[in-house]
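Architecture and fold: a report
These are the residues of each chain, in order.
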Amino acid sequence: MHLTGRLLITAAAVAAVLTTGLSIVPPATAATSASCTSEWKAVRKVAVRRPAWNDGLVATTRSPVVRYLRKGERVTSCVVAVGRGGWSHYRECGGGSLWRVIPGGQVPARCLERA
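From a predicted model like this one, the values you see are computed outputs, not experimental measurements.

Let's talk about the sheet that holds strand 5 (residues 74-76)
- Here 3 strands make up an open sheet; going across it, the order is 5-2-9 and the pairing antiparallel. The outermost strands of the open sheet, each flanked by one partner alone, are strand 5 and strand 9 (112-114). Sheet twist, expressed as the average angle between the axes of neighbouring strands with direction ignored, equals 40 degrees.
- Two elements, strand 2 (residues 39-42) and strand 9, share 3 bridges in a ladder whose sense is antiparallel. Following the sheet pairing, Ala42 is matched in strand 9 by Leu112.

Listed below in structure tokens is the structure:
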């Protein structure tokens, strides 16, 4: 295979990864440089997952479990990770594809409520 063929395949692979839409959405506040004070509490016992090396920026249901949040445990989170498609969809707490980024990993957003 010639170099141009390899470059076309690589460009197509990069375009495919970018079109899957894995992204992290910053909070919708004016003062993003301020320290995070948004507190959340766990609705039930839930796994905290950290994205594996091949998961991208958003955790998936296949991502390794770092630890568990107990029901009622409070955490700080100001960032939401949005996973679009594939294994980023979860079934816990009613399902969805939004993951709250907390210290140590990510948690399904519907498993947390404002504290």
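Now that the structure is up, let's keep going.
A short note on the packing of aromatic side chains
- Following the criterion strictly, the structure yields 1 aromatic pair and no others.
- Each ring, one from Tyr90 and one from Trp99, has its centre 5.3 Å from the other, and the planes form 75 degrees; the classification is edge-to-face.
- A cation over a ring is seen here: Lys45 above Tyr68, with NZ or CZ 4.8 Å from the ring centre.

A look at the pattern of salt bridges
- On inspection of all chains with the given rule, the structure shows 4 salt bridges.
- With a closest N to O distance of 3.8 Å, Glu113 and Lys41 form a salt bridge. In this pair, Glu113 is assigned in strand 9 and Lys41 in strand 2, connecting sequence segments 72 residues apart.
- A residue is classified by how much of its surface remains accessible, and Glu113, at 38% relative accessible area, is partly exposed.
- With a closest N to O distance of 3.3 Å, Arg67 and Glu73 form a salt bridge.
- In this structure Arg67 comes out as partly exposed when scored by relative accessible area, which is 34%.
- Residue Glu73 is classed as buried on the basis of its relative accessible area of 16%.
- By sharing partners, the salt bridges in this structure join Arg67, Arg70 and Glu73 into a single network.

Here we look at the environment of Arg67
- Positionally, Arg67 belongs in strand 4 (residues 65-69).
- Each C-alpha atom of the pair Arg67 and Val46 lies 8.7 Å from the other, and the pair is 21 residues apart in sequence.
- Beyond its immediate sequence surroundings of up to four residues, Arg67 is in contact with Val46, Ala47, Val48, Glu73 and Val75.
- Engagement of the side chain of Arg67 in a polar contact is seen with the side chain of Glu73, the distance being 3.3 Å.

As for the environment of Val75
- Of note, Val75 is situated in strand 5.
- Distance in space between the C-alpha atoms of Val75 and Pro103 is 7.9 Å, their sequence separation being 28 residues.

Here we look at the pairing of strand 2
- The alternating pattern of strand 2 places Trp40 and Ala42 on a buried face and Glu39 and Lys41 on a face that is not buried.
- Bridge count between strand 2 and strand 5: 3 bridges; the pairing is antiparallel. Among the inter-strand pairings, Lys41 is bridged to a residue of strand 5, identified as Arg74.

The rules behind these values
- Residues numbered from 1 in each chain as written.
- Predicted model: local features only at pLDDT ≥ 70, side-chain atom pairs only at ≥ 80, totals over all residues.
- Heavy atoms only, no water.
- Pairing = 2+ DSSP bridges.
- Helix = DSSP H or I, 4+ residues; strand = E, 2+ residues; numbered from the N terminus.
- Axes fitted to C-alpha atoms, helices over the stretch in contact; angles between N-to-C directions.
- Phe/Tyr/Trp six-rings, centres within 6.5 Å; stacked < 30°, edge-to-face > 60°.
- Lys NZ or Arg CZ within 6 Å of the ring centre and 35° of its normal.
- Salt bridge = Lys/Arg side-chain N within 4 Å of Asp/Glu carboxyl O.
- Buried < 20%, exposed > 50% of the residue type's maximum accessible area, 1.4 Å probe, protein only.
- Contact = heavy atoms within 4.5 Å.
- Polar contact = N/O pair within 3.5 Å; in protein donor to acceptor, adjacent residues only side chain to side chain.

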